[in-house]
Amino acid sequence: MSSETGGKKMIKVKQVNHTFLIGKKGKEKKVPVLKGLSFEVEKGEIVAIIGKSGSGKSTLLHTIAGFMSPEQGSITVNGQETANLNETERAAFRLNNFGFIFQNFQLMPGLTAFENVELPLKLKGISAKQRKASVKQMMDKVGLTEVGDHYPNELSGGQQQRVSIARALITNPPILFADEPTGSLDSETEQDILLLIQNLNQTLGVTFVMITHDEEVASIAHRTFKMRDGELVKGDLQ
Amino acid sequence: MLFKDQVDFVRQHIKKNKLRVFMTILAATMGCAFLIVLASIGFGIQDTMRKEILQDQAITQVEVFPSENEELNLKEIKAVPFIGAIVQRTSMDTMTSFHFEDRMMSGDLRLTDMKEEEQSNLKLSEGRLPKNESEIIVGYHFAKNLWTDAERIKVEEGVEEADLPKGYEKSIIGKEVSLSLQPYESDGAFPERWDFTVVGVMENPAKDWIVDSSILMDESWLPKLTAAYEANGEQVPEIYTNTKIYTSSLEHVKSVTKDLKDMGYNVFSVSEQLEQIDVFFMAFKIGLIFVGTIAILISSIGIFNTMTMAVTERTREIGVMKAIGASPKLIERLFLMESAWIGIIGTLLAIVISYAVSFLANWLLPLVVGAALGEDEFSDLSITFSLIPWQLVLLASAMSIGVAMISGWRPARKATKIDVIQALRQEL
Ligand SMILES: Nc1ncnc2c1ncn2[C@@H]1O[C@H](COP(=O)(O)OP(=O)(O)O)[C@@H](O)[C@H]1O
Ligand SMILES: [Mg+2]
């Protein structure tokens, strides 16, 4: 999928607004979470969105990833206006364009590390033989050669996050989203993971959009957007 | 996702919840086996009754009666395709007695065309068909009913069935018997006597309770016999004719029956009887299948429960799958495959179990019934209690698997509706 804008801009977020309704039916309260956000992310960048808990970071990421639709505004990813896609098309779009790294790893407990990494390739309908080769290569790259046949509950937090990173990268997606990728890790492991992300960004040219509340984690980013109460307040605003 | 991988995926999930899935399969198996076994009783008894009918009589026989005040048009009947023989037996409304040595019996005299009898494949237990006018064949019980006067008086005074006189116990073949006629109202027989040689004995009727003491004689005798009435100044008795048509083979019974019916005659044949039985059993079997279906429906509640639990349990995993790009269609398919798998395994087990139960029933029940009645004969009888035709297997499988998939459908839909954000927020 080639970008209409020349391939430089990977993500374009324009005037995105979203309001949640909370409370009992009939007595709902409106809570504006995203208030007219606009920004762009370029190909190959690491961008960090930093802000306090509850400032709307995750919600922003969910709208970009297509897990939900914002009330207003347009989001273009890799040249595709995501609002125009239906559920099935969104799923296929995510499979081909996105990788996800979650705070609590979100690995399949019933699958081994190897099988977890293999899962997106299975979804893509790639043959077992081809899968095996690429998963092996990816496991080596993230330093999991030894633990392929371990189940998630037999791995440390850092190892689990590596599995999750390997799973996110296995389909060679142009964009990787990370929501508090080191939130569940101790500081030493955090450093390992951040180095790995930097390394993968440099070697593979993957675009990273990273959400964090931690200034130190944000320090590996090329650019940082600061969010407060649903607005971008400081940083390299467009 | 490749089909093989989908199957792997489903298998992995089933493995994780072996016991629960096993219990659900058990319920599906029991439901389906119950349906098959129950319906098989209908098929089995129907089969037994059909066999009974086919055994009991000349299966190619078609009886035909004219409507009131009408007569059979033999020419027209002869033109019907596949007719092998038309046997017309004539009887007189009078008393006909046969005498042999000091014995005598009153039988049913029938006059017939021996050529047609031969063509109809009339079966004899002994001897042969008559070759000339002076030869006759007699019913299976003819000799047994040849009693002496003393024996007859004893019977009239009343005896137990076991004490009935045995009649003439040697072979009657080749013996000479003489016929006398006597109108019902008259006190004595005509003086005329006609002598015949018995050359054949007909088969024992298939039904135990039928006593065949008839006599078949060539139809050329009819004018001579009626002439005796005129000679003795009596009125000629009424003469009845019974017409039976024999088709050239069994498969033509149906078409001949239909053709004769279309001509406006009253027709009675095996195919008629079979049709009536089939109609009755069709209703009977539908009833049984209906009851069996209820069992399948009950087992489907189990499948619904199991699948709903499976979806609820895996909410987070489904959310992750959707997040990384599994389409709702795929999610739905994976769950449908799981419920279909339960249905298919349950059905396969049910088929095996049903055949085993059916086999055991057919083997054991006659023994049990025979022992209970204290009759050895019963165990020899080949009664089919349970019969499972492939159509029944097909129907039950389709229902069982179909119901399994329908009950898995709602949970599968529910899985596709799972919200990714909510699912990912779930605690591990
Ligand atoms: N589904 C929802 N319904 C109602 N309110 C929500 C929902 N999701 C998030 N919120 C609210 O939106 C705000 C932003 O949440 P979130 O995007 O998770 O913030 P962050 O990731 O920056 O901590 C919070 O106040 C949260 O309570
Ligand atoms: Mg958050």
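Residues numbered from 1 in each chain as written. Chains lettered and ligands numbered in written order. Predicted model: local features only at pLDDT ≥ 70, side-chain atom pairs only at ≥ 80, totals over all residues. Heavy atoms only, no water.

Student: I'm lost on the overall build of chain A in this one. Help?
Tutor: Across its full length, chain A holds seven helices and ten strands. By the compact-globule yardstick of 18 Å for 238 residues, chain A fits well, its C-alpha radius of gyration being 18 Å. Expressed as lengths along the three principal axes of its C-alpha atoms, the size of chain A is roughly 50 × 40 × 40 Å. The burial tally for chain A puts 52% of its 238 residues in the buried class. Counting contacts in chain A only where the partners sit at least 6 residues apart, residues at least 24 apart contribute 71% of the total. When the accessible surface of chain A is split by element, carbon and sulfur atoms take 46% of a total near 10,900 Å². For chain A, the separation between the mean place of its 28 positive charges and that of its 27 negative charges on side chains is 6 Å. (Helix = DSSP H or I, 4+ residues; strand = E, 2+ residues; numbered from the N terminus. Rg over C-alpha atoms; globule rule 2.2 N^0.38 Å. Buried < 20%, exposed > 50% of the residue type's maximum accessible area, 1.4 Å probe, protein only. Contact = heavy atoms within 4.5 Å. Areas by Shrake-Rupley, 256 points an atom, 1.4 Å probe, with all protein chains shown as cover. Lys, Arg positive; Asp, Glu negative; His and termini not counted. Charge placed at Lys NZ, Arg CZ, Asp CG, Glu CD.)

Student: Looking at this structure, I do not really get the packing of aromatic side chains. What am I missing?
Tutor: Centre distance and the angle of the planes are the two values used to describe a pair of aromatic rings. For the structure shown, the criterion picks out 14 aromatic pairs over all chains. Residues F100(A) and F177(A) carry aromatic rings whose centres are separated by 5.6 Å and whose planes lie at 25° to one another, so their mutual orientation is stacked. Here F177(A) lies in strand β7 (residues 175-179) and F100(A) lies in strand β6 (residues 98-101), a separation of 77 residues in the sequence. Of the two residues, F100(A) and F177(A), both sit in the buried class. Seen in terms of ring centroids, F281(B) and F284(B) are 5.8 Å apart; in terms of plane orientation they differ by 80°. Their pairing is edge-to-face. (Phe/Tyr/Trp six-rings, centres within 6.5 Å; stacked < 30°, edge-to-face > 60°.)

Student: I'm lost on unusual backbone geometry in this one. Help?
Tutor: With the exception of glycine, most residues fall at negative phi, and the peptide bonds are largely trans. All names here are of chain A. Backbone geometry at E180 places phi at a positive 50°, although glycine is not the residue there. Looking at the element boundaries, E180 is found in the loop between β7 and α6 (187-204). Positive phi, close to 50°, is recorded for D229, a residue that is not glycine. A residue is classified by how much of its surface remains accessible, and D229, at 48% relative accessible area, is partly exposed.

Student: Teacher, can you tell me more about the environment of V177(B) here?
Tutor: Residues and elements named next belong to chain B. Mapping V177 onto the fold places it in strand β8 (residues 176-182). In sequence terms V177 and D195 are 18 residues apart; their C-alpha atoms lie 5.8 Å from each other. With sequence-adjacent residues up to four places away left out, V177 is seen in contact with F98, H99, F100, I136, F142, W194, D195, F196 and V198.

Student: Sorry, what's going on with the layout of surface pockets here?
Tutor: Take a probe with the size of a water molecule and roll it over the atoms, and the empty space left behind shows itself. Reported here for the second largest pocket is a volume of approximately 740 Å³. Residue lining of the second largest pocket: 35 residues in total, with S58(A), T59(A), H62(A), D179(A) and R425(B) positioned closest to the centre. Sorting the residues of the lining of the second largest pocket by element identifies β2 (29-42), α1 (57-65), β6 and β7 of chain A together with α13 (420-425) of chain B as the ones contributing at least two each. At five residues, the largest contribution of residues to the lining of the second largest pocket is made by α1(A). (1 Å grid on protein atoms, 1.4 Å probe; cavity = no way out; pocket = protein on both sides within 12 Å on 5 of 7 lines; lining within 4 Å. Points joined across faces, edges and corners; volume = space filled by probe spheres on them.)

Student: Sorry if this is basic, but what is going on with the site of ligand 1 here?
Tutor: All residues adjacent to ligand 1 are F20(A), I22(A), V33(A), K52(A), S53(A), G54(A), S55(A), G56(A), K57(A), S58(A), T59(A) and R425(B). Contacts to ligand 1 include S55(A), whose backbone N or O atom sits 3.3 Å from an oxygen atom. The contact in question runs from an oxygen atom of ligand 1 to an N or O atom on the side chain of T59(A), over 2.5 Å. Relative to its unbound accessible area of 560 Å², ligand 1 is 68% covered by the protein chains. Judged by its atoms lying within 2 Å of the grid points, ligand 1 is housed in the second largest pocket. Mapped by element, the contributors of at least two residues to the shell around ligand 1 are β1 (9-22) and α1 of chain A. (Near = heavy atom within 4 Å. Polar contact = N/O pair within 3.5 Å; in protein donor to acceptor, adjacent residues only side chain to side chain. Sits in = over half its atoms within 2 Å of the grid points.)

Student: Explanation requested: the pairing of strand β7 (residues 135-138) of chain B in the structure shown.
Tutor: Regular strands show a simple pattern: their side chains alternate between the two faces of the sheet. All names here are of chain B. By the alternation rule, side chains of β7 split into E135 and I137 and I136 and V138, which are all buried. As defined by bridge partners, β7 adjoins strand β10 (residues 214-218) across two bridges and the pair is classed as antiparallel. Looking at β10, one finds that I137 is bridged to L216. (Pairing = 2+ DSSP bridges.)

Student: What should I look at first to understand a nonpolar patch on the surface in this one?
Tutor: On the surface, F359(B), L360(B), W363(B), L364(B), L365(B), L367(B) and V368(B) cluster together into a nonpolar patch covering about 680 Å² of accessible area. Relative to the assigned elements, V368(B) resides in helix α10 (residues 328-373). (Patch = residues over 30% accessible without salt bridge, like charges linked within 9 Å, V, L, I, M, F, W, Y side chains within 5 Å. Salt bridge = Lys/Arg side-chain N within 4 Å of Asp/Glu carboxyl O.)

Student: Sorry, what's going on with the interface of chain B and chain A here?
Tutor: In many analyses, interface size is given as the accessible surface area lost on bringing the parts together. Across the contact, 22 residues belong to chain B and 27 residues belong to chain A. Across the chain B/chain A interface, buried area totals approximately 2,200 Å², and carbon plus sulfur atoms make up 63% of it. Summed over the three residues of chain B that lose the most area to chain A, namely I324(B), I421(B) and L424(B), the buried surface amounts to 25% of that side. In this structure, R131(A) engages D5(B) in a salt bridge whose closest nitrogen and oxygen atoms are separated by 2.5 Å. Run the count over chain B and chain A and you get seven residue pairs in polar contact (both at pLDDT 80 or more). At six residues, helix α9 (residues 315-323) of chain B tops the list of elements feeding residues into the side of chain B that touches chain A. (Buried area = accessible area lost by both parts, 1.4 Å probe.)

So, to be careful, I would describe these as geometric facts and stop short of saying anything about function.
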